[in-house]
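# Observations on the model geometry
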Amino acid sequence: MASAATDHPPPAYVETVEEITRIYKSLPSRPSVEEVEAAVSVLHTVETEEKVQLEEISKQRRPEDVSPELFSVLQEVRKAMVSFQCHKQRKEAVQLVELDRALQVFDGLIQKASALVSGDAFSEEVPDLGGGDGEVERKLVISEEKDVECADHEDVKSGDEMKGFLPMSSSSKAIVLSSGEGEIEQLNLMKVAAVIENCAKTGASVLDLQGKLMDKIEWLPYSLGKLSTLTELYLSENRIMALPTSIGSLNTLMKLDLRANQLINLPSSFGDLQNLADLDLSANLLKSLPESFGNLKNLISLDLSSNRYSNLPNTVGNLISLQRLIVQTNDLEELPHTIGLCSSLVELRLDFNQLKALPESVGKLERLEILTLHYNRVKRLPSTMGNLSHLKELDVSFNELEIIPEALCSAVSLEKLNVGKNFADLRMLPESLGNLEMLEELDISDNQIKVLPDTFRFLSRLRNLRVDQTPLEVPPREVTKLGAQVVVQYMANFVAERDMKSRQIKKKRGFFSYICPLLCLALGRDSFPRARM
């Protein structure tokens, strides 16, 4: 019946076919498989984050000075805000998923229409619907032309939206983001998810999203865990507040840069990144590290600066490969004694904290070369620091240092020593300072030191000496202005001259101690006979 109808189709029949064709061609281009997967991932991520945030709000405690009724309203407002923000985050993903489903429905209808017209499946022939003689082809073919258009459109779309994400070369497999004009495209959550899908598909080893996420992107898609071949991940200078638990699946990851975000905590799965060697968590809002952090036994460099740490967990002692630890600009009040177990540590920077002392276990860090404690509240250094035989640089300026232990002068590799600006607290240097024969720079400015120790004359390598605002009497101020080696020579001459005078005095005392008894004896003999008479 269909065959007979299409031999000489009536005008209404032709119009129906043309309308079906026109509607199909007017549909939006079909999203790629990767885009659909990205959208599904976004929906899953948003749903998970929404649940977590709502649970956190529910756990919040009511302040004593706020009534239960008012606090309840506040909780509801907070939850409504979370739901509103999540709704905005999932909006684009929902549209894309619904579009894909709608197109699947249209596919089915077109197949059905094609079967009704021709009784056959799709043909690769494109119909001439403009027919000069008014006749329509017997077969309704709405396949390749539409598919070609979609494919072309998708190519253009992926070329524009994914520019810079594609591997730079087949060998590097690095996913980066740039534009032809050198401008950085800011990505929404959907595009981030699409990048991740593309990265997973191509087996990329490097993904660079530094400063490329829109400000409203506060978390990453759960699909991040798909990047099983990734070795380097750059996410710095964004506004990420949370990492998905799936990040623990990145088993090959060696370098992770999360600097300058808004991270509040790290997931417990973070400790699963056991191949991680270089980690930058600086400039975030972190107050603690997960218990699993101690599992990162291949970690070599760790930057925790500019956060809100008041202490570090004891598990930091498990980081046996750690060579560089930066914890500047936090609220640290103490270091765990387990720091002494970080036997590979070469550089330890603790500036701008609230430290009052260092644990004695610091002396076990025998490979340590750099230790900085600038701007803390340290009063004394542990005597065990003399064991730091490889220590080259020590900065204890801007503290409350009262005394420098003599044992420190056993750290004979020291090249730079800064004990300046301890103001009224530090009044003398250790007598054995001259043992530091490798010392090249010494800062004792803004202290109350009046006399340099005698052994200062042995500092033959000293090139830079700062004594600003220090009331030195030996040597006098005019000498200190002439340079470090002039001071060293002055101290050598001063000690030699003083010792010579001391010997002369002793010699005179020795002479008189010999003569006086003889004189007294002689005088005594002369007076004895007279006394008898």
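Residues numbered from 1 in each chain as written. Predicted model: local features only at pLDDT ≥ 70, side-chain atom pairs only at ≥ 80, totals over all residues. Heavy atoms only, no water.

- Where an unreviewed UniProt entry is consulted, the protein chain appears under the name Plant intracellular Ras-group-related LRR protein 5, with the organism given as Sesamum angolense.
- The record in UniProt for the protein chain states the following under Function (unreviewed entry): "Leucine-rich repeat protein that likely mediates protein interactions, possibly in the context of signal transduction." (UniProt positions renumbered as here; feature names shortened; annotations may be inferred.)

### Concerning the overall build of the protein chain
- A count of helical and extended segments in the protein chain gives eight helices and 13 strands.
- For the protein chain, the proportion of its 533 residues judged to be buried stands at 42%.
- Contacts spanning at least 24 positions in sequence make up 42% of the contacts within the protein chain whose residues lie at least 6 apart.
- As displayed, the protein chain offers around 28400 Å² of accessible surface, 53% of which is attributable to carbon and sulfur atoms. (Helix = DSSP H or I, 4+ residues; strand = E, 2+ residues; numbered from the N terminus. Buried < 20%, exposed > 50% of the residue type's maximum accessible area, 1.4 Å probe, protein only. Contact = heavy atoms within 4.5 Å. Areas by Shrake-Rupley, 256 points an atom, 1.4 Å probe, with all protein chains shown as cover.)

### Looking at the environment of A193
- Note that A193 resides in helix α6 (residues 189-202).
- Spatially, the C-alpha atom of A193 lies 6.6 Å from that of V42, the residues being 151 residues apart in sequence.
- What A193 contacts, discounting residues up to four positions off in sequence, is A38, V42 and P221.

### Quick word on the side chain of T315
- The topology assignment puts T315 in the loop between β6 (301-303) and β7 (324-326).
- Given a relative accessible area of 14%, T315 falls into the buried group.

### Remarks on the confidence of the model for the protein chain
- Per-chain confidence: the protein chain averages 82 in pLDDT, with 80% of residues scoring 70 or above.
- The low-confidence segment residues 1-5, where pLDDT is below 50, has four contacts with residues more than four positions distant or belonging to other chains.
- Per-residue pLDDT stays below 50 along residues 121-172; that stretch engages in 77 contacts with residues further than four places along the chain or on separate chains. (pLDDT = per-residue confidence, 0-100.)

### As for the packing of aromatic side chains
- Tallied over the entire structure, the rule returns five aromatic pairs.
- Relative to Y375, the ring of F352 lies with its centre 5.3 Å away and its plane at 20 degrees, an arrangement referred to as stacked. Taken together, the residues span a long stretch of sequence, with F352 in the loop between β8 (347-349) and β9 (370-372) and Y375 in the loop between β9 and β10 (393-395) at a distance of 23 residues.
- Judged by relative accessible area, which is 41%, Y375 ranks as partly exposed. (Phe/Tyr/Trp six-rings, centres within 6.5 Å; stacked < 30°, edge-to-face > 60°.)

### Let's talk about the nonpolar core
- Judged by nonpolar contacts, the single largest core of 109 residues is most densely connected at L256, F270, F293, L350, L394 and F456.
- Here this core takes eight residues from α6, the largest share from any one element.
- Setting aside anything within four residues of it in sequence, one finds L350 in contact with V327, Q328, L332, L335, L355, L358, L371, T372, L373 and N376. (Core = buried A, V, L, I, M, F, W, Y, C linked by side-chain atoms within 4.5 Å.)

### Remarks on the environment of I110
- Locating I110 in the fold gives a position in helix α4 (residues 68-118).
- Owing to a relative accessible area of 6%, I110 belongs among the buried residues under this scheme.
- C-alpha separation for the pair I110 and T21, spaced 89 residues apart in sequence, amounts to 8.6 Å.

### Details of unusual backbone geometry
- The residue after V474, namely P475, is reached through a cis peptide bond having omega 0 degrees.
- Following the sequence through the fold, P475 ends up in the loop between β13 (464-466) and α7 (477-480).
- Backbone geometry at T329 places phi at a positive 55 degrees, although glycine is not the residue there.
- Examined against the element boundaries, T329 turns out to sit in the loop between β7 and β8.

### What about the pattern of salt bridges?
- Overall, the coordinates contain 15 salt bridges when judged by the stated rule.
- Across the pair R259 and E237 runs a salt bridge whose closest N-O atoms are separated by 3.2 Å. Separated by 22 residues along the polypeptide, R259 in the loop between β4 (255-257) and β5 (278-280) and E237 in the loop between β3 (232-234) and β4 bring together distant segments of the chain.
- Among the charged side chains, a network of salt bridges with common partners joins E237, D257, R259 and D280. (Salt bridge = Lys/Arg side-chain N within 4 Å of Asp/Glu carboxyl O.)

### Let's talk about helix α2 (residues 11-26)
- Taking 1.5 Å as the rise per residue, α2 with 16 residues should run 22 Å; its terminal C-alpha atoms sit 22 Å apart, in good agreement.
- Taken residue by residue, α2 has V14, V17, T21 and Y24 as its buried positions. The arc that holds every buried residue of α2, seen down its axis, measures 100 degrees, which confines them to one face. What points out from α2, more than 90 degrees from its buried face, is the exposed set P11, E15, R22 and S26. (Expected span 1.5 Å × (residues − 1). Arc of directions from axis to C-beta.)

### Details of a nonpolar patch on the surface
- Taken together, the side chains of L70, V73 and V77 define a hydrophobic patch exposed on the protein surface, amounting to about 280 Å² of accessible area.
- In this structure, V77 sits in helix α4. (Patch = residues over 30% accessible without salt bridge, like charges linked within 9 Å, V, L, I, M, F, W, Y side chains within 5 Å.)

### Quick word on α6
- Between its first and last C-alpha atoms α6 spans 20 Å; for 14 residues at 1.5 Å apiece the expected length is 20 Å, and the two agree.
- Among the 14 residues in α6, ten count as buried, and that is most of the element.
- Every buried residue belonging to α6 is among L189, M190, V192, A193, A194, V195, I196, E197, N198 and C199, and all of these are buried.
- A distance of 3.2 Å separates the backbone nitrogen of M190 from a side-chain oxygen at the start of α6, and that oxygen is part of N188. (Polar contact = N/O pair within 3.5 Å; in protein donor to acceptor, adjacent residues only side chain to side chain.)

### Remarks on the environment of F106
- Turning to its location among the elements, F106 is positioned in helix α4.
- Overall, the relative accessible area of 28% leaves F106 in the partly exposed class.
- Residues F106 and Y24 lie 82 residues apart in sequence; the distance between their C-alpha atoms is 7.6 Å.
- When near neighbours in sequence (up to four residues on either side) are disregarded, F106 contacts I23 and L27.

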